[in-house]
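In case you want the letters, here they are:
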Amino acid sequence: MLGIVFPADLLQSASVAYIHYLSFMLCFGALLFERISLKVDPNRQEAISMVIADIIYGIAGIALLVSGIYRVIKFGQGSEFYTENPIFWIKIILFALVGSLSLYPTVTYVLWAIPLSKGTLPRVTENLVSRLRLIINIELVGFASIPFLATLMARGVGLT
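It should be emphasised that the depicted structure is a prediction, and the values quoted were computed from it without experimental measurement.

A.B. asks: Could you give an account of the overall build of the chain, with specific residues and numbers?
C.D. replies: A tally of helices and strands in the chain yields six helices and zero strands. In sequence order, the secondary structure elements of the chain are arranged as α-α-α-α-α-α. By the burial criterion, 33% of the 160 residues in the chain qualify as buried. Within the chain, counting contacts between residues at least 6 apart in sequence, those at least 24 apart form 82% of the total. Surface accessibility of the chain: about 9,700 Å² in total, with carbon and sulfur atoms responsible for 71%.

A.B. asks: Pulling in residues and values, what's your account of the pattern of salt bridges?
C.D. replies: For the structure shown, the criterion picks out one salt bridge. One salt bridge connects K39 with E46, and the closest N-O pair in it is separated by 3.0 Å. E46 gets classed as partly exposed once you look at its relative accessible area, which sits at 25%.

Conventions adopted
- Residues numbered from 1 in each chain as written.
- Predicted model: local features only at pLDDT ≥ 70, side-chain atom pairs only at ≥ 80, totals over all residues.
- Heavy atoms only, no water.
- Helix = DSSP H or I, 4+ residues; strand = E, 2+ residues; numbered from the N terminus.
- Buried < 20%, exposed > 50% of the residue type's maximum accessible area, 1.4 Å probe, protein only.
- Contact = heavy atoms within 4.5 Å.
- Areas by Shrake-Rupley, 256 points an atom, 1.4 Å probe, with all protein chains shown as cover.
- Salt bridge = Lys/Arg side-chain N within 4 Å of Asp/Glu carboxyl O.

Here it is, written out as structure tokens:
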């Protein structure tokens, strides 16, 4: 190709890091799409788009988790660098909280898929939209905080 040779472990590490970053962006983008698209009584295409966005969010969230585990165990700066840093644990707790918050919207969208599969539209009230917006706003703030914590951690903040 270009005459550049990379060690296999370097390519693996870079690939896992890339999947990690891409997954994060997909999660954030899907959440942002859901937040922007939420409305009372969406039409069929809008409701289907919300269901698809949540599926993308879920798949990207799993990829983010798995690639993060790989980075800690195999490709990062050594598992002790992470596990001995309290900021790492704050990141993990924040990720778990955001993931837990996503259960309500996911269940909601799964329930939308039932009437959609029968050719009818889900009933989406102003109360439901308000509740989903609040949850997604909290998720977005949580997700936006994670890279900041990662940059602090990468600079050794939190290590004694």
